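Below are the chains, spelled out letter by letter.
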Amino acid sequence: MAYITGLTKNKQEWTPQFIVSIDEEACIGCGRCFKVCSHDVLAFEELDEDDSAKMFMKVENAGNCIGCEACGKTCSKKCFTFAPLAA
Ligand code: SF4
Ligand code: SF4
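Residues numbered from 1 in each chain as written. Chains lettered and ligands numbered in written order. Predicted model: local features only at pLDDT ≥ 70, side-chain atom pairs only at ≥ 80, totals over all residues. Heavy atoms only, no water.

(A) Broad picture of the site of ligand 1. The environment of ligand 1 is formed by C37, H39, V41, C65, I66, C68, E69, A70, C71 and F82. Here the residues of the shell around ligand 1 are counted per class, giving eight nonpolar, one polar and one charged. (Near = heavy atom within 4 Å. Nonpolar A, V, L, I, M, F, W, Y, C, P; charged D, E, K, R; others polar.)

(B) Focus on the environment of D23. Tracing the backbone through its elements, the reader meets D23 in the loop between β3 (18-22) and α1 (32-36). Note: C-alpha distance between D23 and F82 (59 residues apart in sequence) is 12 Å. Polar contacts involving the side chain of D23 include one to the main-chain amide nitrogen of E25, which spans 3.0 Å. (Helix = DSSP H or I, 4+ residues; strand = E, 2+ residues; numbered from the N terminus. Polar contact = N/O pair within 3.5 Å; in protein donor to acceptor, adjacent residues only side chain to side chain.)

(C) Main features of the side chain of T74. Position of T74 among the secondary structure elements: in helix α2 (residues 70-74). Look at T74 and you get buried, because its relative accessible area is 14%. Every residue in contact with T74, bar those within four places of it in the chain, is listed here: R32, C33 and V36. (Buried < 20%, exposed > 50% of the residue type's maximum accessible area, 1.4 Å probe, protein only. Contact = heavy atoms within 4.5 Å.)

(D) Highlighting the pairing of strand β4 (residues 42-48). In the sheet, β4 pairs with strand β5 (residues 53-59) via seven bridges, with the strands oriented antiparallel. The residue of β5 that forms the bridge with D48 is A53. (Pairing = 2+ DSSP bridges.)

(E) Local environment of a negative patch on the surface. Together, D23, E24, E25, E46, D48, E49, D50 and D51 make up a region of like negative charge exposed at the surface. By the element assignment, E24 lies in the loop between β3 and α1. The exposure class of E24 is partly exposed, given its relative accessible area of 36%. (Patch = residues over 30% accessible without salt bridge, like charges linked within 9 Å, V, L, I, M, F, W, Y side chains within 5 Å. Areas by Shrake-Rupley, 256 points an atom, 1.4 Å probe, with all protein chains shown as cover. Salt bridge = Lys/Arg side-chain N within 4 Å of Asp/Glu carboxyl O. Lys, Arg positive; Asp, Glu negative; His and termini not counted. Charge placed at Lys NZ, Arg CZ, Asp CG, Glu CD.)

What follows is the structure, encoded as structure tokens:
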């Protein structure tokens, strides 16, 4: 299958890996991914559990993602799934 590709500044071809999902069970809500994403893709969400509330990250605007994978690289819990986009 052919995938959408881009070019680096020195014109090397690369294949962006776009965000697919975040594992909300594994997420600890640390916010590291939120800080590194400059494309307004991610948002905090509060999940009510029995007698406490848990913060986790969710994909809010998937269409803004440029496929840089910075969020996944900063996540110590390996919550992110990425995939290339079919051309
Ligand atoms: S891959 Fe890049 S643009 Fe997409 S959500 Fe992660 S940090 Fe943001
Ligand atoms: S970096 Fe990982 S654990 Fe931290 S908020 Fe983002 S998805 Fe959750």
